[in-house]
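Residue-level structural notes
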Amino acid sequence: MRLLSSNFKLGVLGGGQLGKMLAQAASRWDLALWILDESRDFPAGNVCTNFVEGNFREYQDVLEFGRQVDVLTIEIESVNSEALFKLQEEGITIHPRPEALAIIQDKGLQKEFFRDHGLPTSAFTLWGSGEAIRQAVQDGELRLPFVQKARKGGYDGRGVAVIRTQADLEKLLPGPSVVEDLVDIDKELAVIAARNPGGQVESFPAVEMVFNPEANLVEWLLCPAQIDPAIEQRAEELARATIEAFQLSGLLAVELFLTPDGEVLVNEVAPRPHNSGHQTIEGCYTSQFEQHLRGILNLPLGSTRIKAPSVMVNLLGEPGYEGPVEYAGFEDCIAIEGVFPHIYGKAITKPYRKMGHVTVIDPDLEGAKEKARLVQQKLKVIA
Ligand code: ADP
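What comes next is a walk through the structure. Quantities reported herein were computed from a predicted structural model and do not represent experimental measurements.

Okay, the nonpolar core next. Counting 26 residues, the largest nonpolar core has Phe246, Leu252, Leu256 and Val269 as its most contacted members. Elements supplying a minimum of two residues to this core: helix H4 (98-104), helix H5 (107-116), strand E10 (187-195), helix H7 (229-246), strand E14 (250-258) and strand E15 (264-270). Counting residues per element, this core draws most heavily on H7, at 6 residues. Other than its neighbours up to four places away in sequence, Leu256 contacts Lys187, Glu188, Leu189, Val191, Ala235, Leu238, Val264, Leu265, Val266 and Asn267. One finds Leu22, Ala23, Leu33 and Ala44 within the second-largest nonpolar core, a separate group that totals 23 residues.

Written out as structure tokens, the structure reads:
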């Protein structure tokens, strides 16, 4: 293997927590991993091989960085895709491939892609402005309720407006957007699929997301998802079909809605490691981060089998605290068997900021849930 302990360089656009965990996986194989992001104080700063300061949204910064590496990947979608097209022309290997990334960066194109490839998703229409939507509602062309999503730039629930009543029309987002049917959701699931350029495809077991309604962030994630085996199979099948449709290498996180009548719909996708795959580090034979490396470097994909049922808890900044971070209750938590905190390394906490996560494993999912509740009671991100 020429890639290991060599001059080979893997470049990553983005140096947040996903970049950090990707660098940790690369380090186990002594694979040189370079990161581009604005400040080496970011989470990946002190774990990667080389940190280059620059802005992954800027054409020139991405171009210069990309020219220094052998394979280029991302840990965030909002990168400069024009620069990626240029680098691809110049012969740099890029995963996800820029054509697919450009579709995924635009929620409107993403929905059209699902529809055109026969991937089940909620019905939708595309709109140029919030005003046009308001007018259409007034004219009776568009009926409540619906969900409006900004075509570009949204993440973690920002850029999503749920419009149920006339009064909610105040919340309409201004720019180009997608309007989709409000789905009756029984459970939100996610399946991370992986593919390598040779065409091998694997999927991780489905996870079940439990949201914090105030922060609109995933609070808990259960693996395996508590669903019927036929639904599990359907969810994995859909994720595999989706990564094949996009012809991506590396990971594709596929967020799914399960409806009360057992239908599974694709909500949205992310072509990179994902919050819904953190538990794979301790819970599965292969972590999502190592699987991404395998996929983009055209290596055999690893087994996605579960080693132990797990619960993943996001560590969010406590409301009411802002400043230099302190992790109260950390000692009590690590005294519990099967509790694995991941502290991302953000110096300043803010209400609901994602500061880390904790994966709890146990031979039994109910046992993992009990320990996760303890962790939630004890561990507080304060200032
Ligand atoms: P983001 O990219 O910001 O995470 P999502 O598309 O995942 O945006 O939407 C955020 C959340 O909003 C989802 O997890 C889900 O709870 C809710 N949501 C999104 N689309 C719909 C829909 N069509 N029907 C019902 N709820 C939805």
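With that out of the way, let us pick up the packing of helix H2 (residues 59-66) against helix H3 (residues 81-89). Where H2 meets H3, the axes come as close as 8 Å, and the angle between the chain directions of the two elements is 35 degrees. Considering the relative orientation of H2 and H3, their crossing is right-handed. Residues Tyr59, Val62, Leu63 and Gly66 of H2 form the contact with H3, whose own contacting residues are Glu82, Ala83, Leu84, Lys86 and Leu87. Of the residues contributing to the contact of H2 with H3, the split by class is 6 nonpolar, 1 polar and 2 charged.

Next up on the list: the sheet that holds strand E2 (residues 32-37). The strands making up a sheet are joined through hydrogen bonds of the backbone, oriented either antiparallel or parallel. With parallel pairing, the 5 strands of this open sheet are ordered in space as E3-E2-E1-E4-E5. The sheet is open, and its two edges are formed by strand E3 (50-53) and strand E5 (93-94), each paired on a single side. Relative to E5, strand E4 (residues 71-74) runs parallel, the two being bridged by 2 bridges. Residue pairing across strands places Val71 opposite Thr93, the latter belonging to E5. Packing against the sheet, helix H1 (residues 17-28) makes contact with strand E1 (9-13), E2 and E4, and its axis sits at approximately 165 degrees to E2.

Residue Pro96 is bonded to the preceding His95 through a cis peptide linkage, with omega at 0 degrees. On the secondary structure map, Pro96 appears in the loop between E5 and H4. Here the bond from Cys223 into Pro224 is cis, since omega is 5 degrees, no more than 30 degrees from zero. With respect to the secondary-structure elements, Pro224 resides in the loop between strand E13 (217-223) and H7. Even without being a glycine, Asp30 presents a positive backbone phi close to 55 degrees. By the element assignment, Asp30 lies in the loop between H1 and E2. With a phi close to 70 degrees, Tyr352 is a non-glycine residue in the positive phi region. When you line up the elements, Tyr352 lands in the loop between strand E20 (348-349) and strand E21 (354-361). The class for Tyr352 is partly exposed, based on a relative accessible area of 25%.

Parameters and conventions
- In every chain, residue numbers begin from 1 and rise along the written sequence.
- Only residues with pLDDT of 70 or above have their local features reported here, since the model is predicted, and side-chain atom pairs are shown and tallied only from 80 upward, although totals for entire chains, interfaces and linings are computed over all residues.
- Side-chain metrics rest on all non-hydrogen atoms present in the structure, leaving aside hydrogens and water.
- Remark: nonpolar core denotes a set of buried residues (Ala, Val, Leu, Ile, Met, Phe, Trp, Tyr, Cys) joined through side-chain atoms within 4.5 Å.
- Accessible area is worked out with a 1.4 Å probe on protein chains only. A residue is then buried under 20% of its type maximum, exposed over 50%, and partly exposed in between.
- Under the DSSP-based scheme used, a helix requires at least four consecutive residues in state H or I and a strand at least two consecutive residues in state E, with every element numbered from the N terminus.
- Any two residues whose heavy atoms approach within 4.5 Å at even a single point are treated as in contact.
- A fitted line through C-alpha atoms serves as each axis, taken over the contacting stretch for helices, and the angle formed by two N-to-C directions is quoted from 0 to 180°.
- Here a crossing is taken to be left-handed if its near helix is turned anticlockwise relative to the far helix by less than a right angle, and right-handed if that turn runs clockwise.
- By the convention adopted, Pro, Cys, Tyr, Trp, Phe, Met, Ile, Leu, Val and Ala count as nonpolar, Lys, Arg, Asp and Glu as charged, and the other residues, Gly among them, as polar.
- The rule for pairing is simple: two strands pair if DSSP sees at least two bridges between them.

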